[in-house]
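One letter stands for each residue in the lines below.
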Amino acid sequence: MNATSAHAMPAPEAARQLLQDPALYRLLSLLDSDGEEARLVGGALRGGLLGRPVVECDIATTAIPETVMMRSAAAGLRTIGTGLAHGTVTILIDGKSFEVTSLRDDIETDGRHAKVRFSRDFADDARRRDFTMNALSMKRDGTLYDYVGGLQDIAIRRLRFIGDPVARIREDYLRIL
């Protein structure tokens, strides 16, 4: 069993319900093809699993921003280069906006901004996030990935930093908010 499959499981029904959104499913389908992978990440999964309303969905992808923009434009979708240096593109579908961010490694941080290198490893990307529950990701087939214990923390309503909290805050001071 490889490291990725050791952390993969069928998503709970509360998370799978998020995939019923036609715009989200369309975007995941568009980006999850031709050797690239896209997953729903972060706050949407956390909110869904906590039974809270989900108002925005973020996507993480192995595709670089230029590929995301090219595929979206070819599908007739409006794209906005929200934060290209950090790999983020906003895509508008059916009146909804989605932030799509390329997987990345933070090469250098200064407390607010990071220099990044794009990556293809969802596990590494999860480990660079702030809290365990924000590091969850789900494929469009309903497979959930939990590399750092986020599901358990959601179940017991515990907010826990990934790794050393002081280091996480030094990377981005907004995390204390």
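Described in the following lines is the structure provided in the data block. (Residues numbered from 1 in each chain as written. Predicted model: local features only at pLDDT ≥ 70, side-chain atom pairs only at ≥ 80, totals over all residues. Heavy atoms only, no water.)

1. Some thoughts on the sheet that holds strand β10 (residues 143-145)
Part 1: Across the sheet, which stays open at both edges, the eight strands sit in the order β1-β10-β9-β2-β3-β6-β5-β4 with mixed pairing between neighbours. Every other strand in the sheet has two partners, leaving β1 (8-10) and β4 (78-83) as the edge strands with one partner each.
Part 2: Pairing analysis gives three bridges linking β1 to β10, with the strands arranged antiparallel. Residue pairing in the sheet places M9 in a bridge with L144 of β10.
Part 3: Across the face of the sheet, helix α4 (residues 65-74) comes into contact with β3 (57-61), β4, β5 (88-93) and β6 (96-102) while running at roughly 15° to β5. (Pairing = 2+ DSSP bridges. Helix = DSSP H or I, 4+ residues; strand = E, 2+ residues; numbered from the N terminus. Contact = heavy atoms within 4.5 Å. Axes fitted to C-alpha atoms, helices over the stretch in contact; angles between N-to-C directions.)

2. Some words on the pattern of salt bridges
Part 1: If you walk through the whole model with that rule in mind, you get nine salt bridges.
Part 2: A salt bridge links D32 to R140; the nearest nitrogen and oxygen atoms lie 3.1 Å apart. Of this pair, D32 sits in the loop between α2 (22-31) and β2 (38-41) while R140 sits in the loop between β9 (137-138) and β10; the two residues are 108 residues apart in sequence, bridging distant segments of the chain.
Part 3: What makes R140 partly exposed here is its relative accessible area of 28%.
Part 4: Salt-bridge contacts for D124 lead to R127; the nearest nitrogen and oxygen are separated by 2.7 Å. (Salt bridge = Lys/Arg side-chain N within 4 Å of Asp/Glu carboxyl O. Buried < 20%, exposed > 50% of the residue type's maximum accessible area, 1.4 Å probe, protein only.)

3. Here's the deal with the nonpolar core
Part 1: One finds L24, L27, L40, L45, I59, I91 and M138 to be the most contacted residues of the largest nonpolar core, which totals 31 residues.
Part 2: Contributions of two or more residues to this core are made by α2, β2, α3 (43-49), β3, β5, β6 and α6 (150-155).
Part 3: Ranked by the residues each element gives to this core, the list is headed by α2, at five residues.
Part 4: For L45, the contacting residues outside a window of four places in its chain are A15, L18, L40, L136, S137, M138 and L144.
Part 5: Core analysis: the next-biggest nonpolar cluster, separate from the first, contains eleven residues, A60, A135, V148 and I162 among them. (Core = buried A, V, L, I, M, F, W, Y, C linked by side-chain atoms within 4.5 Å.)

4. Focus: the packing of aromatic side chains
Part 1: Within the structure shown, the criterion is met by two aromatic pairs.
Part 2: Here F131 and F161 contribute two aromatic rings whose centre-to-centre distance is 4.6 Å and whose plane-to-plane angle is 40°, an arrangement assigned as tilted. Here F161 lies in the loop between α6 and α7 (165-171) and F131 lies in the loop between α5 (122-127) and β9, a separation of 30 residues in the sequence. Summarising the burial analysis for this pair, F131 and F161 share the class buried.
Part 3: Ring geometry for Y145 and Y147: centres 6.1 Å apart, planes at 20°, overall stacked. In terms of burial, Y145 and Y147 fall into one category: buried.
Part 4: Here the guanidinium or amino end of R39 rests over the ring plane of F122, the centre of that ring lying 3.8 Å away.
Part 5: One residue, R39, lies across the ring of Y145, its end atom 3.6 Å from the ring centre. (Phe/Tyr/Trp six-rings, centres within 6.5 Å; stacked < 30°, edge-to-face > 60°. Lys NZ or Arg CZ within 6 Å of the ring centre and 35° of its normal.)

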